[in-house]
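Read off the chains here:
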Amino acid sequence: MGTFWRAVGTAITSAATTATTRAILDSNPPGGPERWTRTNHRGEPISLLEGPAVAAGLVAGALVAGPDARTRTAAALATAGGGAFGLVDDLAEDTSTRTKGIKGHVGALLEGRVTTGGLKVLGIGTTSLTAAFVGTRRTGSTLGYLTDVAVNGSIVALSANLFNLLDLRPGRALKAGAALAVPLAATPVGATSGAVLGAAAAAAPGDLGERDMLGDGGANALGALVGTQIAFGAPRAVRLLALAGILGLNVASEKVSFSKIIDGNDVLRRVDQWGRRPAPAPAAPAAAAPTASAASAAATDPSRSGLDTPA
């Protein structure tokens, strides 16, 4: 029961911090509201302020959730790193060049070009590895400890990137975080699930309503915190399997579209669309004037007139 009530307290802390931070940012957006406004697929304005608000809520939750100070510090550091470097990419990205994916940003770094995405890769990688050094307990040989640190740091960094890849549709990243938080609640760091669920609950109405979006700052922070739950709460065998799966999904994202896969699966599509606004109906093409032969056919068979509209 101790873990359960700590998770409840963590959820309340995370939700309250997310909502309060958002209210403060709404009243005085740093740099003005235009700096935080983007245009969504409907051509409507959408705010990036959800990202820093969620990141703040997750960090606050992480600081009260862990079973000990060491784990709390590591989780908060990884989450703050994901949020901060993601926010840099959100606000300072050079939109004149379209460098995408880890492969693209690492390639740019190897060419001597530092993109905001490349800076994010380096920054989140560094904070994730530092968090792994802080949060990983030494229980065996030096080699075993260093291996655990490398595995844990990789899980956190790749989870941060994976959640950013999911943040392409309203509510998708929040739903993924909540879905993982429930089973991870059974781990030794299970109270951290409260932070994920609390922040998601506070942010979901605006995200699903397409008024807000997580952006890199919010999605990277969310993924990093979920990653710390795996890294600091699961046995080594489970962590190795998780790392293989997360790495595989990151690599696959360079070749395939997650959205196409989700849209092609009935169950995943229903979950993905739950709570979202209906997609805009495609504009009907202009009707062409019927030819003489078509008009003649229509006189005897109205269904071929070309003037029927879908139900």
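Thresholds applied
Once a new chain begins, its residue numbering starts again from 1 and follows that chain's sequence as written. Two thresholds apply to this predicted model, a pLDDT of at least 70 for residue-level local features and 80 or more for giving and counting side-chain atom pairs, whereas whole-chain, interface and lining totals are computed over all residues. Heavy atoms from the whole structure form the basis of all side-chain values; hydrogens and water molecules are not counted. A helix here means a DSSP run of H or I that spans at least four residues, while a strand means a run of E at least two residues long, and both kinds are numbered starting from the N terminus. Burial classes follow relative accessibility: with a 1.4 Å probe on protein chains only, a residue under 20% of its type's maximum area counts as buried, one over 50% as exposed, and anything between as partly exposed. Working rule for contacts: check all heavy atoms of both residues, and any pair within 4.5 Å makes them a contact. To be clear on the numbers: accessible area is Shrake-Rupley with a 1.4 Å probe, and residue cover counts the displayed protein chains and nothing else. Each helix should span, by expectation, one fewer than its residue count multiplied by 1.5 Å. Cavities and pockets were defined on a 1 Å grid built from protein atoms only: a cavity is a group of points that admits a 1.4 Å probe but offers it no way out, a pocket is an open group of points flanked by protein on both sides within 12 Å along at least five of seven lines, and a lining residue is one with an atom within 4 Å of any such point. Grid points are joined across faces, edges and corners, and a volume is the space filled by probe spheres set on the points. Only Asp, Glu, Lys and Arg are considered charged, only Ala, Val, Leu, Ile, Met, Phe, Trp, Tyr, Cys and Pro nonpolar, and every remaining residue, Gly among them, polar. For helices, the axis comes from a line fit to the C-alpha atoms of the stretch in contact; other axes are also lines fit to C-alpha atoms, and the angle between any two N-to-C directions lies between 0 and 180 degrees. Working rule for angles: under 35 degrees goes down as roughly parallel, over 145 as roughly antiparallel, 65 to 115 as roughly perpendicular, anything else as oblique. Take the far helix as the reference: if the near one is turned anticlockwise from it by less than a right angle, the crossing is left-handed, and if turned clockwise, right-handed. For the purpose of counting charges, residues Lys and Arg are taken to be positive, whereas Asp and Glu are taken to be negative. His and the chain ends are not included. A side-chain nitrogen of Lys or Arg and a carboxyl oxygen of Asp or Glu constitute a salt bridge if their distance falls within 4 Å. For this analysis, a polar contact is any N or O atom pair within 3.5 Å, provided that within protein one partner can donate a hydrogen and the other can accept it, and provided that sequence-adjacent residues contribute only side-chain to side-chain pairs. We define the nonpolar core as a collection of buried residues of types Ala, Val, Leu, Ile, Met, Phe, Trp, Tyr and Cys that are connected through side-chain atoms lying within 4.5 Å of one another.

Q: Explain the overall build of the chain to me, please; I cannot follow it from the model alone.
A: Secondary structure summary: the chain contains 13 helices and 2 strands in total. The proportion of buried residues among the 311 residues of the chain is 43%. In the chain, the share of contacts with a sequence separation of at least 24, taken over all contacts with a separation of at least 6, comes to 76%. Counting every atom, the chain has about 15,700 Å² of accessible surface; 66% of that belongs to carbon and sulfur.

Q: What should I look at first to understand helix H5 (residues 116–135) in this one?
A: The α-helix winds at 3.6 residues per turn, so residues separated by three or four positions along the chain end up facing the same way. Along its 20 residues, H5 runs 28 Å from first to last C-alpha, staying within 8% of the 28 Å computed at 1.5 Å per residue. Listed in full, the buried residues belonging to H5 are Thr116, Gly117, Gly118, Lys120, Gly123, Ile124, Thr127, Ser128, Ala131, Ala132 and Gly135.

Q: What's the story with the layout of surface pockets in this structure? I'm lost.
A: Any empty space left between the atoms is revealed when a probe the size of a water molecule rolls over them. In this structure, the second largest pocket spans a volume of roughly 600 Å³. Considering the residues around the second largest pocket, the lining is formed by 21 residues, among which Leu162, Leu166, Ala176, Leu180 and Leu249 are closest to the centre. Those elements giving two or more residues to the lining of the second largest pocket turn out to be helix H6 (142–166), helix H7 (172–184), helix H9 (215–233), helix H10 (236–252), helix H11 (258–263) and helix H12 (266–273). In terms of residue count, H7 provides more of the lining of the second largest pocket than any other element does, 6 residues in total. Residue classes in the lining of the second largest pocket are distributed as 16 nonpolar, 2 polar and 3 charged.

Q: How do you make sense of unusual backbone geometry when you look at a structure like this?
A: Residues apart from glycine generally show negative phi values, whereas peptide bonds are mostly found in trans. Notably, Glu210 is not glycine yet its phi reads approximately 65°, a positive angle. As for its placement among the helices and strands, Glu210 is situated in the loop between helix H8 (192–208) and H9. Exposure remark for Glu210: the relative accessible area of 4% places this residue in the buried category.

Q: Could you clarify how one ought to interpret the packing of helix H2 (residues 50–65) against H9 in this entry?
A: When two helices pack together, their arrangement is given by the angle between the helix axes and by the axis-to-axis distance. It is at 7 Å that the axes of H2 and H9 come closest, and there the two elements cross at 25°. When the axes of H2 and H9 are compared, the pair comes out roughly parallel. The two elements H2 and H9 cross, and the hand of that crossing is left-handed. Every residue of H9 that contacts H2 at Gly51, Ala55, Leu58 and Ala62 is listed here: Gly217, Gly218, Ala221, Leu222 and Leu225. Residue classes in the contact of H2 with H9 are distributed as 6 nonpolar, 3 polar and no charged.

Q: Whenever I open this one, the side chain of Glu50 confuses me. Can you help?
A: Inspection of the secondary structure assignment puts Glu50 in helix H2. One buried charged residue, Glu50, remains without a salt bridge, the closest side chain of opposite sign being Arg22 at 5.8 Å. Engagement of the side chain of Glu50 in a polar contact is seen with the backbone nitrogen of Leu214, the distance being 3.5 Å. The residues touching Glu50, leaving out its near neighbours within four places in the chain, are Arg22, Leu174, Ala203, Asp207, Asp212, Met213 and Leu214.

Q: I would appreciate a short explanation of the nonpolar core in the present structure.
A: One recurring pattern in soluble globular proteins: nonpolar side chains tend to sit buried together. Counting 32 residues, the largest nonpolar core has Leu58, Leu214, Leu222 and Leu225 as the members making the most contacts within it. Elements with a minimum of two residues in this core: H2, helix H3 (69–92), H6, H7, H8, H9 and H10. Beyond its immediate sequence surroundings of up to four residues, Leu222 is in contact with Leu58, Phe163, Ala173, Leu174, Val196 and Leu214. Core analysis: the next-biggest nonpolar cluster, separate from the first, contains 10 residues, Ala74, Ala78, Ala160 and Phe232 among them.

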